[in-house]
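One-letter residues, chain by chain:
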Amino acid sequence: MQSVLLSVDRFSTWIGKAFAWSVVLLTLLISWEVFSRYALNKPHAWVLDAQIMLYGTLFMTAGAYTLSKNGHVRGDVLYGFLKPRTQAVIDLTLYLIFFLPGVVALTWAGWVYFQESLAINEQTFSADALPLYPFKFVIPLAGSVLLLQGVVEIIRCILCLQTGAWPARDGDVEEVNVEQLKAMVHVKDEDMAALERELALKESGK
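Our subject in this report is the structure included herewith. (Residues numbered from 1 in each chain as written. Predicted model: local features only at pLDDT ≥ 70, side-chain atom pairs only at ≥ 80, totals over all residues. Heavy atoms only, no water.)

Attention now goes to the packing of helix α4 (residues 84–119) against helix α5 (residues 133–163). The contact between α4 and α5 brings their axes to 8 Å, and the two run at 160°. Taken together, the axes of α4 and α5 are roughly antiparallel relative to one another. The interaxial crossing formed by α4 with α5 has left-handed handedness. (Axes fitted to C-alpha atoms, helices over the stretch in contact; angles between N-to-C directions. Helix = DSSP H or I, 4+ residues; strand = E, 2+ residues; numbered from the N terminus. Parallel < 35°, antiparallel > 145°, perpendicular 65-115°, else oblique. Left-handed = near helix turned anticlockwise from the far one by under 90°.)

What follows deals with the environment of Gly-63. Mapping Gly-63 onto the fold places it in helix α3 (residues 47–68). Distance in space between the C-alpha atoms of Gly-63 and Gly-143 is 8.6 Å, their sequence separation being 80 residues.

With that settled, the discussion passes to the pattern of salt bridges. Taken as a whole, this structure holds five salt bridges when the rule is applied. Ionic pairing is found between Arg-156 and Asp-9, a salt bridge with its closest N-O pair at 2.4 Å. Taken as a pair, Arg-156 in helix α5 and Asp-9 in helix α1 (residues 2–19) lie far apart in primary sequence, 147 residues in all. Under the relative-accessibility criterion, Asp-9 is labelled buried at 0%. Put simply, Asp-9, Glu-153, Arg-156 and Arg-169 are held in one network by salt bridges that share partners. (Salt bridge = Lys/Arg side-chain N within 4 Å of Asp/Glu carboxyl O. Buried < 20%, exposed > 50% of the residue type's maximum accessible area, 1.4 Å probe, protein only.)

Backbone geometry at Asn-70 places phi at a positive 55°, although glycine is not the residue there. Mapped onto the fold, Asn-70 is located in the loop between α3 and α4. Look at Asn-70 and you get partly exposed, because its relative accessible area is 40%. Within the chain, Asn-121 stands out as a residue other than glycine whose phi angle is a positive 50°. On the secondary structure map, Asn-121 appears in the loop between α4 and α5. Assessed through its relative accessible area of 40%, Asn-121 is described here as partly exposed.

Okay, here's the thing in structure tokens:
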């Protein structure tokens, strides 16, 4: 079971990292448009729509990635002090009541939205029109991946209720934990205190 959970984590991570390249495209597009507009005096009507679609794609596809890393913002002032089983009860309740209905509705409505857009070959309203249906396909795509990751999180809650500990997650870039870093380089608090005293003596001797 753990291997399945980690596989879904890796899939969500891959999706998030793949679409993260939208940042590069967005940066290049904006830079080129600024140069074209102010240096060459040749603005392009379609660029603003393209910028919005790229940013929307980046935002939508980051949801499952962030959930796989347990990175979504929560009011955890008290949550962090609770036992894992209590945390699992809270998370499971919220997933079942709010997450599942909301994401299922988003995915289903997004698919209908995309089909309708494709059927009429919907385009933007700018002078140089861009097709809208590829962008609208991102809605059900992102919703499906988020829903898959949400099911994995629900399973994690159930496993935590059974074992009393949270199952492991797939690792990725994380904030530096100072205590772990000190343990890795074999630095003790006493060593740090001695170094601080030595530096203080050197400063006072100047």
